[in-house]
Amino acid sequence: MGKTVIIGGVAAGASAAARLRRLKENEEIILFERGEYISYANCGLPYHVGNVIENRSDLLVTKKEMMESRYSIDVRINSEVTSINRDSKSVHVVTKEGQEYDESFDNLVIATGSSPVRPAISGIDSPKVKTLWTVPDTDEIKKYINEKSVKSATVIGGGFIGLEMAENLYGLGIDVTIVEASNQVMAPVDYEMALLLNENIRDNGVKLIVNDGVDSFEDTSEGIKVKLSSGKTVLSELVILSIGVKPNSKLAADAGLALNEKGGIIVDSHMRTEDESIYAAGDVVEVEDFIFKDKTMVPLAGPANKQGRIVADNIAGLDSTYTGTQGSSVVKVFDLNVATTGANEKALVRRGLVRDKDYTSVILTQNSHAGYYPGAKPLIIKLLFSIDGKKIYGGQIVGKDGVDKRIDTLGTAIRFGATVKDLTNLELAYAPPFSSGKDPINMAGFVAENVVNGLVKQAVWNEADTDKKSVILDVREQAELDVFAIDGAVNIPLGQLRKRINELDKNKKYIVLCAIGVRAYNAYRILAQNGFENIKLYPAGVRFYSSTHRNFEEVNEEFVCKY
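Source: prediction; values computed, not measured. (Residues numbered from 1 in each chain as written. Predicted model: local features only at pLDDT ≥ 70, side-chain atom pairs only at ≥ 80, totals over all residues. Heavy atoms only, no water.)

Enquirer: Would you mind showing me how to read the pattern of salt bridges here?
Expert: Side-chain pairing between opposite charges can occur once the charged atoms of the two side chains come close. Using the criterion set out here, one finds 32 salt bridges in the structure. Between Asp294 and Arg351 there is a salt bridge, and its shortest N-O distance comes to 3.1 Å. Here the residue Asp294 occupies a position in the loop between β19 (287–288) and β20 (295–296), and Arg351 occupies one in the loop between α9 (345–350) and β23 (359–367), the gap between them amounting to 57 residues. A relative accessible area of 28% means that Asp294 is categorised as partly exposed. Residue classification places Arg351 among the partly exposed positions, given a relative accessible area of 31%. Among the salt bridges present, the one from Glu480 reaches Arg519, with a minimum N-O distance of 2.8 Å. Within this pair, whereas Glu480 is found in helix α14 (residues 478–483), its partner Arg519 is found in helix α16 (residues 518–528), the two being separated by 39 residues in sequence. The exposure class of Glu480 is partly exposed, given its relative accessible area of 23%. Given a relative accessible area of 24%, Arg519 falls into the partly exposed group. Bridged by salt links that share partners, the residues Asp190, Glu192, Glu345, Arg355 and Lys382 form one connected network. (Salt bridge = Lys/Arg side-chain N within 4 Å of Asp/Glu carboxyl O. Helix = DSSP H or I, 4+ residues; strand = E, 2+ residues; numbered from the N terminus. Buried < 20%, exposed > 50% of the residue type's maximum accessible area, 1.4 Å probe, protein only.)

This is the structure in structure tokens:
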């Protein structure tokens, strides 16, 4: 009988413990957790703050008592492992009550996760500046909001937790401002896709400040003042700090285990460290990027749970390997959902890939299900792929319905090496309430295939702005122009284009646009077969154009929107 000690009882640690028990009935398994709770739903914490998840107990997926009774695992909560002795194969433990002792192991699993980043900013230790990462954090924030009758809050950071917290605080009737140091929220998606979120956040009543970092926090009699790099200030009663996480790898570092430059524990494909008796999994480890095969850090719950399972397999003698993380993720932002898988365009550019030489992309608008069936909602899909279409780098989707289904389809296709052509051949379930005869992922493949075959060229979202010599050719009807028209565009409805084609100059560059892209593609093909060579298709149509070209002006810390 062997003995396995697991440090950390949430995603990776709990997964490893349960799997190992199923594989080795006689293994002695001890699970140390420095907090009070194991296997809790940390991804659900913002929704408990907002009372969407009303019962706190619903967050506690597997309680200590259940883990002990069902799995015969020795669960020791409120017990912090403070050091690892690799020579004696033991860990030093300090309990909440101050008791100290050593515990031996045959195999050790480090699943210590990550913690919110709290940089050395003046005033950051104010009790009004809080982070959300654990169940006690949730309790503290809810108590503070209720006891102080909080009416205003500033969320620092526009990532997953920041956006979820902003939505849930706003749902409680709290006036919310999001401050993001970069030029967009939701860093995993590209800028033009994030503009859809920027618009939606502001339209839902949340103030959004981008391109402005935090210089300091200052307690005042009215609340807490956030001074920004620009010199502007935001005053509120509560601050939620959500600017990223860092791996909890000090234990590993002190034990002499190899770390990368970001502090991630270096492991092999079996999740084993350089010490053959020590494994690591979850947010604390370095992983392989599935797309590029280089090393990275991706703190996500799905990969953490899988890695914990793989650790258990290998301890039990099975040959199980982790094949990399592609970053599949989804988040709800008010009435929009945004999802991504694989690499974004920013990642391609950082790695030296050149657009229209090494890769290209398409952006398209498709309905979530058949348009004639009630409730269809538009999806904006961005697909990145190699010039020959033989490799799909990644995809991003924004919409109100069907986003998760399509990103999972695309993520699965990428995982199994699908080409652009393969997307066109996918046979996906169809009935009017669920999809269309040609699913949006099929359509992404069709559009990309047309690009690969030279039948169409898509403009980038702001090409008409950056290339002043280009002319937008709008092929919508007059009634549509009455609702939204683009200054300087030439309008020839598609049905009149063949008769009026001589009104266009073959020496000019035209970017063809319509409502969602279908009529524009037909117009493009007409022009291409009538001697027009310098033409491009505007991606995803005028809905996308209007959202990405919407101008928000900031006036006295309030946002006034105008086109």
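Enquirer: Got a minute to help me understand the packing of aromatic side chains in this structure?
Expert: Describing an aromatic ring pair means giving the distance of the ring centres and the angle of the ring planes. The full count for this structure, using the stated rule, is five aromatic pairs. Seen from their ring centres, Tyr170 and Phe334 are 5.8 Å apart, and the 80° between their planes marks the pair as edge-to-face. Here the residue Tyr170 occupies a position in helix α5 (residues 160–171), and Phe334 occupies one in the loop between β21 (329–333) and β22 (336–342), the gap between them amounting to 164 residues. Residue Tyr170 is classed as partly exposed on the basis of its relative accessible area of 34%. For the ring pair Tyr538 and Tyr545, a centre distance of 5.4 Å and an interplane angle of 65° mean the geometry is edge-to-face. In this structure Tyr538 comes out as buried when scored by relative accessible area, which is 2%. Directly above the aromatic system of Phe290 lies the positively charged group of Lys293, at a separation of 4.1 Å from the ring centroid. (Phe/Tyr/Trp six-rings, centres within 6.5 Å; stacked < 30°, edge-to-face > 60°. Lys NZ or Arg CZ within 6 Å of the ring centre and 35° of its normal.)

Enquirer: Please clarify how the packing of helix α6 (residues 191–203) against helix α17 (residues 541–548) should be interpreted in this entry.
Expert: Packed helices, taken two at a time, are described by the angle between their axes plus the distance between the axes. Contact geometry for α6 and α17: axes closest at 8 Å, N-to-C directions at 70°. When the axis of α6 is compared with that of α17, the two are roughly perpendicular. Touching Glu192, Met193, Leu195, Leu196 and Glu199 of α6 are Phe544, Ser547 and Thr548, all from α17. In terms of residue class, the contact of α6 with α17 is built from four nonpolar, two polar and two charged. (Axes fitted to C-alpha atoms, helices over the stretch in contact; angles between N-to-C directions. Parallel < 35°, antiparallel > 145°, perpendicular 65-115°, else oblique. Contact = heavy atoms within 4.5 Å. Nonpolar A, V, L, I, M, F, W, Y, C, P; charged D, E, K, R; others polar.)

Enquirer: How do you make sense of the nonpolar core when you look at a structure like this?
Expert: Among the nonpolar cores identified, the biggest contains 55 residues, and Ile145, Leu169, Ile178, Met186, Ile201, Val338 and Phe544 are the most heavily contacted of them. The element best represented in this core is α6, accounting for six residues. Formed by 52 residues, the second largest nonpolar core is a distinct cluster that contains Ala413, Ile441, Tyr524 and Ile535. (Core = buried A, V, L, I, M, F, W, Y, C linked by side-chain atoms within 4.5 Å.)

Enquirer: Looking at this model, I keep getting lost on the side chain of Thr325. Mind explaining?
Expert: Secondary-structure assignment places Thr325 in the loop between α8 (301–315) and β21. Judged by its relative accessible area of 4%, Thr325 is buried. Polar contacts involving the side chain of Thr325 include one to the side chain of Tyr322, which spans 2.4 Å. Residues contacting Thr325, with those up to four places away along its chain left out, are Val287, Glu288, Asp289, Phe290, Val298, Pro303, Gln307 and Arg415. (Polar contact = N/O pair within 3.5 Å; in protein donor to acceptor, adjacent residues only side chain to side chain.)

Enquirer: Help me understand the pairing of strand β1 (residues 3–7) in this model?
Expert: Successive side chains on a regular strand alternate, one facing one side of the sheet and the next facing the other. Most of β1 sits inside the fold, with five of its five residues counted as buried. Of the two faces of β1, both are covered, the one formed by Lys3, Val5 and Ile7 as well as the one formed by Thr4 and Ile6. Note that β1 and strand β2 (residues 28–33) share five bridges and pair parallel. Counterpart to Ile7 in the pairing with β2 is Phe32. The pairing of β1 with strand β7 (residues 107–110) spans four bridges and is classified as parallel. Within the sheet, the bridge partner assigned to Ile7 lies in β7 and is Ile110. (Pairing = 2+ DSSP bridges.)

Enquirer: Help me understand a nonpolar patch on the surface, please; the structure alone is not making it clear to me.
Expert: A cluster of nonpolar residues, Tyr372, Tyr373 and Tyr430, forms a patch on the protein surface that exposes about 370 Å² of accessible area. As for its position among the elements, Tyr372 is in the loop between β23 and β24 (378–386). (Patch = residues over 30% accessible without salt bridge, like charges linked within 9 Å, V, L, I, M, F, W, Y side chains within 5 Å. Areas by Shrake-Rupley, 256 points an atom, 1.4 Å probe, with all protein chains shown as cover.)

Enquirer: What's the story with the environment of Val214 in this structure? I'm lost.
Expert: Structurally, Val214 can be placed in strand β13 (residues 214–220). Separated by 93 residues in the primary sequence, Val214 and Ile121 have C-alpha atoms spaced 8.0 Å apart. Excluding residues that lie within four positions of it along the chain, Val214 makes contacts with Ile121, Ile156, Val179, Val226, Lys227, Leu228 and Ser229.

Enquirer: Explain α16 to me, please; I cannot follow it from the model alone.
Expert: A turn of α-helix holds 3.6 residues, and therefore any two residues three or four places apart point the same way. What α16 keeps buried is the set Ala520, Ala523, Tyr524, Ile526 and Leu527. All buried residues of α16 project into a common sector of 160° when viewed along the axis, lining one side. Buried residues belonging to α16 abut β26 (470–474), α15 (497–500), β28 (509–513) and β29 (535–537). (Arc of directions from axis to C-beta.)

Enquirer: Before we go on, may I ask you to explain unusual backbone geometry in this structure?
Expert: Negative phi values dominate among residues other than glycine, just as trans dominates among peptide bonds. The residue Lys89 is not glycine, and still its phi comes out positive at about 55°. Considering the arrangement of structural elements, one finds Lys89 in the loop between β4 (79–85) and β5 (90–95).

Enquirer: Would you mind showing me how to read the confidence of the model for the protein here?
Expert: Note: predicted coordinates in regions of low pLDDT should not be interpreted at a detailed level. Averaged over the protein, the pLDDT score is 95; the fraction of residues at 70 or greater is 98%. Low confidence marks residues 554–563, where pLDDT is under 50. Its contacts with residues over four positions away, or in another chain, come to 27 contacts. (pLDDT = per-residue confidence, 0-100.)

Enquirer: How do you make sense of the sheet that holds strand β16 (residues 238–241) when you look at a structure like this?
Expert: Paired through their backbone hydrogen bonds, the strands of a sheet run either parallel or antiparallel. As summarised here, the arrangement of the five strands in space is β9-β16-β10-β11-β12, forming an open sheet in which the pairing is parallel. Edge strands, defined here as strands with exactly one partner in the open sheet, are β9 (129–130) and β12 (207–209). Across two bridges, β9 lies against β16 in parallel orientation. Following the sheet pairing, Lys130 is matched in β16 by Ile240.

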